[in-house]
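# Descriptive analysis of the structure
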Amino acid sequence: MSDSSAPQQPSGDQLATKSQAWSALFSEPMSDLVKRYTASVFFDKRLWQADIAGSLAHAEMLAAQGIIAVADHAAITRGLAQITQEIESGAFEWQLDLEDVHLNIEARLTQLVGDAGKRLHTGRSRNDQVATDVRLWLRGEIDLIDGLLRELQLALVEVAEKNVEVILPGFTHLQVAQPVSFAHHLLAYVEMFARDGQRMQDVRRRVNVLPLGSAALAGTTYALDRERVARTLGMVDEQGRACVCQNSLDGVSDRDFAIEFSAAASLVMVHVSRLSEELIVWMSQNFGFIRIADRFTTGSSIMPQKKNPDVPELARGKTGRVVGHLMGLITLMKGQPLAYNKDNQEDKEPLFDTVDTLKDTLRIFAEMIGGQVNPATGAKEGGITVNAQAMRAAAARGYATATDLADYLVKKGLPFRDAHETVAHAVRAAQAEGVDLSELPLATLQGFHPAIGADVFEVLSLEGSLNARNTLGGTAPAQVRAQIARQRARLV
Ligand code: ARG
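Residues numbered from 1 in each chain as written. Predicted model: local features only at pLDDT ≥ 70, side-chain atom pairs only at ≥ 80, totals over all residues. Heavy atoms only, no water.

The line we're drawing: UniProt positions are given in the numbering used here, feature names are shortened, and annotations may be inferred rather than shown by experiment.
An unreviewed UniProt entry lists the chain under the name Argininosuccinate lyase, from Comamonas faecalis. Recorded in UniProt under Catalytic activity (unreviewed entry), the annotation for the chain is "2-(N(omega)-L-arginino)succinate = fumarate + L-arginine". According to its UniProt record, the chain has this under Pathway (unreviewed entry): "Amino-acid biosynthesis; L-arginine biosynthesis; L-arginine from L-ornithine and carbamoyl phosphate: step 3/3."

And the structure:
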């Protein structure tokens, strides 16, 4: 990510250079290698909007408190508006020499509005500035991620709605266990992504707290109104109270909010990865349960028959990358004494990459599963295609209703352990014949236990098995429909 191009020279007139940003104390300039090593501008420039928002709120407060003149505030606002426009249009010249996004913007501001620009940094340090910027930026990203998580859940619910009566084998140990509704299976992922959304919301509360005013580490000698700045930046709780870091040392230095976010993001990716694994298995020839649209697959350069599930495989792979970033961030923090240390500059690339990877993955999965709206019809098209026959055949093949037969015998008075043993004999006999339990004649079944009657065939059917699991959270279609309604109501 970092740009290794040669440092650009400051353009003509008096842009402060990096060494001028602190003092005349330094007797020799940095080497180009050290400049490149310590600079972050080529990745942290993505914080520019947050940096400007933070500066505007700070300057407004400085003026309101009488710390800077109203005219200086006006000049700062005007200068930052121009810088916004320059960055948006691509005209802004980012300079490696100015190390990071903060110094780049401040230097340009001073170039544009003179001394007023130099007054902006009153009562502020880059330490509280960067912590504020990362929090503001991350808050916006969490809100976007929240929307994308909802879209993925909605896509899953939509596919579930069409597949309540579609039956596939449920697995434990990847061995056929009991039949389940395909909708029920998809709704399990809706539960996971719903919890992921809650985790993101919870993290957001701790992200949305203002470090600005902590200054370098110890607070500041100016009479700042930190709560005013927090309110201007929307850093308020559910009751509208300003949220401000209450300890300056902590405010400038901890990145636990980034680590927490990264952990929440890792869990989202772990859930996506589990789903990916299922999609990959389901679309293999040996299962043939689903197809995904061709645009999410690739061919092989040597085997003409292949359509490879590259997108789910990559998502599974990228999960490792996101979890790796979590390890990076948490390790970054562990050895740091109070307060700010330059180590913290290393929080950005893993955090940025986590956000990018997560957003792309969620977008692509919502479309791959639910399809895309066709503008002509308004209907979604091109999501996963379900092969209900293949699912059903796999469930019928695997003695998936053996538990139902045991439960049937229990209802006829057998202790469960005996019923279990009786059914094991029946399964063995059916296996020897190469047929399902439901295909054994009644007389044969009665040979295993005389309590078995003609009503057993309903019990041995896949539908009978599903319908019998009609308790909260079970796979009976009535329960599944209730869950779909609940999720729909939650997601509107
Ligand atoms: N680029 C720095 C960072 O990302 C900004 C803060 C620098 N502060 C300092 N005292 N060197 O953390």
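## Some details on the environment of Asp100
What counts here: Only DSSP runs of H or I with at least four residues qualify as helices, and only runs of E with at least two residues qualify as strands; both kinds are numbered from the N terminus onward. By the convention used here, residues are in contact when the closest approach between their heavy atoms is within 4.5 Å.
Within the element layout of this structure, Asp100 appears in the loop between α5 (70-89) and α6 (101-113). Between the C-alpha atom of Asp100 and that of Leu47, which follows or precedes it by 53 residues, the distance is 10.0 Å. In this structure Asp100 touches Ser40, Val41, Asp44 and Arg126, once residues within four positions along its chain are discounted.

## With respect to helix α13 (residues 310-334)
Put simply, the rule is: In this analysis, the expected span of each helix is defined as 1.5 Å times one less than the number of residues it contains. The rule is simple: take the accessible area with a 1.4 Å probe, protein chains only, and divide by the maximum for that residue type; under 20% is buried, over 50% is exposed, in between is partly exposed.
In a regular helix each residue adds 1.5 Å, so 25 residues correspond to 36 Å; α13 covers 36 Å between its end C-alpha atoms and thus fits that length. Where α13 is concerned, the buried positions are Val311, Pro312, Ala315, Thr319, Val322, His325, Leu326, Leu329, Leu332 and Met333. Summarising the contacts, the buried residues of α13 are in contact with α11 (248-253), α12 (256-282) and α14 (348-370).

## Quick notes on the packing of helix α16 (residues 402-411) against helix α17 (residues 416-433)
As a reminder, the rule being used: Geometry is summarised by axes, namely lines fitted to C-alpha atoms with helices restricted to the contacting stretch, and by angles between N-to-C directions that run from 0 to 180 degrees. Roughly parallel means an angle under 35 degrees; roughly antiparallel, over 145; roughly perpendicular, 65 to 115; everything else is oblique. Note on convention: near helix rotated counterclockwise from far helix by under a right angle means a left-handed crossing. Clockwise means right-handed. Side-chain classes are defined by residue name, with Ala, Val, Leu, Ile, Met, Phe, Trp, Tyr, Cys and Pro counting as nonpolar, Asp, Glu, Lys and Arg as charged, and the others, Gly among them, as polar.
In the contact formed by α16 and α17, the axes pass within 8 Å of each other and the chain directions differ by 135°. Looking at the two axes, α16 sits oblique to α17. Viewed along their axes, α16 and α17 form a crossing whose handedness is right-handed. Contacts between α16 and α17 involve Ala402, Leu405, Ala406, Asp407, Leu409 and Val410 from the former and Phe416, Ala419, His420, Thr422, Val423, Ala426 and Val427 from the latter. Its residues assigned to classes, the contact of α16 with α17 comprises 10 nonpolar, 2 polar and 1 charged.

## Here's the deal with the site of the ligand
Using the following cut-off: Residues are labelled near a given molecule or strand when at least one of their non-hydrogen atoms is within 4 Å of it. N or O atoms within 3.5 Å of each other form a polar contact, as long as, within protein, one can give a hydrogen and the other can take it, and as long as residues adjacent in sequence are counted only when both atoms are side-chain atoms. All accessible-area figures derive from a Shrake-Rupley calculation using a 1.4 Å probe, and residue coverage is judged against the displayed protein chains alone.
In the neighbourhood of the ligand, the contacting residues comprise Ser40, Asp44, Asp100, His102, Arg126, Asn127, Val130, Tyr340, Gln345 and Lys348. With respect to the ligand, the side chain of Ser40 contributes an N or O atom lying 3.4 Å from a nitrogen atom. Here Asp100 contributes a side-chain N or O atom positioned 3.0 Å from a nitrogen atom of the ligand. Relative to its unbound accessible surface of 340 Å², the ligand loses 86% to contact with the protein.

## Some points on a nonpolar patch on the surface
Short version of the rule: For patch detection, residues must exceed 30% relative accessible area and be free of salt bridges, and they are connected within 9 Å for like charges or within 5 Å for nonpolar side chains (Val, Leu, Ile, Met, Phe, Trp, Tyr). Throughout this description, the term salt bridge denotes a Lys or Arg side-chain nitrogen within 4 Å of a carboxyl oxygen of Asp or Glu.
Taken together, Leu217, Leu249 and Leu338 make up a surface patch of nonpolar side chains, about 270 Å² in accessible area. With respect to the element layout, Leu217 can be found in the loop between α9 (182-207) and α10 (226-232).

## As for the nonpolar core
Using the following cut-off: Think of a nonpolar core as a cluster: buried Ala, Val, Leu, Ile, Met, Phe, Trp, Tyr and Cys residues, connected wherever their side-chain atoms sit within 4.5 Å.
Ranked by size, the top nonpolar core spans 106 residues in total, and within it Ile105, Phe182, Met200, Phe261, Ile290 and Phe365 carry the most contacts. Here the element with the most residues in this core is helix α8 (residues 126-161); it accounts for 14 residues. For Phe365, the residues in contact, after removing those within four places along its chain, are Leu152, Val272, Leu275, Ser276, Leu279, Val311, Pro312 and Ala315. Of all hydrophobic cores here, the second largest spans 18 residues; its members include Tyr399, Ala406, Ala419 and Leu460.

## Section: α12
Between the first and last C-alpha of α12 there are 39 Å, a value that for 27 residues agrees with the 39 Å anticipated at 1.5 Å per step. Within α12, 19 of the 27 residues are buried, leaving the element largely enclosed by the surrounding structure.

## What to know about the UniProt feature "domain: Fumarate lyase N-terminal" (unreviewed entry) in the chain
Here, the residues flagged by UniProt with the feature "domain: Fumarate lyase N-terminal" (unreviewed entry) are residues 26-324. When the span residues 26-324 is considered, its composition is 61% helix and 5% strand, and the gap between its end C-alpha atoms is 38 Å.

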